[in-house]
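# Coordinate analysis (summary)
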Amino acid sequence: IQDVVAGSRITMSDEEAVILWPRIVAFRQEKGREPSRTSNDPIEVRYAEGLEYLKKRKREKLQQQTV
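In what follows, the accompanying structure is described. (Residues numbered from 1 in each chain as written. Predicted model: local features only at pLDDT ≥ 70, side-chain atom pairs only at ≥ 80, totals over all residues. Heavy atoms only, no water.)

Our focus in this paragraph is helix H2 (residues 14-31). Over its 18 residues, H2 runs 25 Å from end to end, which matches the ideal 26 Å to within 8%, given 1.5 Å per residue. Considering bend angle alone, the principal kink of H2 is centred on Trp-21 and spans about 35 degrees; proline Pro-22 follows within four residues of it. The set of residues buried in H2 consists of Ala-17, Leu-20, Ile-24 and Phe-27. Looking at the packing, one finds that the buried side of H2 touches helix H3 (42-66). Looking at the residues trailing H2, positive phi occurs at Gly-32, about 75 degrees. (Helix = DSSP H or I, 4+ residues; strand = E, 2+ residues; numbered from the N terminus. Expected span 1.5 Å × (residues − 1). Bend = angle between axes of the 7 residues up to and from the residue. Buried < 20%, exposed > 50% of the residue type's maximum accessible area, 1.4 Å probe, protein only. Contact = heavy atoms within 4.5 Å.)

And the structure:
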C-alpha cells in the first residue's frame, strides 16, 4: 500500500522513466536489490521513484486492456 501511495506522489515524465530504466536495471544487477526510496543517496531514491512510476504505468495499461 505504501508503494502505491508513494507512486501517486511521484512527479516524472514517461520520457524520464524510459531514460532511467537501463540505469535501474544496472543498479539491480550491481546491488542485487531494487533501489530504495528511503536511501540517503538521492540518485538511488530517483531510481526507486522511476521504478514505482513504471510499475504504476504498467498497472494502468493492464487495467485499460481488461476494461
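What follows concerns the packing of aromatic side chains. Evaluation of the coordinates by the stated rule reveals one aromatic pair. Consider the rings of Phe-27 and Tyr-47, whose centres lie 6.1 Å apart with planes at 70 degrees: the pair is edge-to-face. With a gap of 20 residues between them, Phe-27 in helix H2 and Tyr-47 in helix H3 connect regions that are remote in the sequence. The buried category is assigned to Phe-27, whose relative accessible area is 9%. For Tyr-47, a relative accessible area of 15% corresponds to the buried category. (Phe/Tyr/Trp six-rings, centres within 6.5 Å; stacked < 30°, edge-to-face > 60°.)

Counting nine residues, the largest nonpolar core is built from Ile-10, Met-12, Ala-17, Leu-20, Ile-24, Phe-27, Tyr-47, Leu-51 and Tyr-53. For this core, the secondary-structure elements that each account for two or more residues are H2 and H3. It is H2 that contributes the most residues to this core, four residues altogether. When sequence neighbours within four positions are dropped, the list of residues in contact with Tyr-53 reads Ile-10, Met-12, Ser-13, Asp-14 and Ala-17. (Core = buried A, V, L, I, M, F, W, Y, C linked by side-chain atoms within 4.5 Å.)

Now for the pattern of salt bridges. Per the counting criterion, the structure on display carries eight salt bridges. A salt bridge links Arg-57 to Asp-14; the nearest nitrogen and oxygen atoms lie 3.2 Å apart. Of this pair, Arg-57 sits in helix H3 while Asp-14 is found in helix H2, placing the two residues 43 residues apart along the sequence. Assessed through its relative accessible area of 28%, Arg-57 is described here as partly exposed. One salt bridge in this structure joins Glu-49 and Arg-37, with 3.8 Å as the shortest N-O distance. Remark: Arg-37 occurs in the loop between H2 and H3 and Glu-49 occurs in helix H3; sequence separation between them is twelve residues. On the basis of relative accessibility, which here comes to 16%, the residue Glu-49 falls in the buried class. (Salt bridge = Lys/Arg side-chain N within 4 Å of Asp/Glu carboxyl O.)

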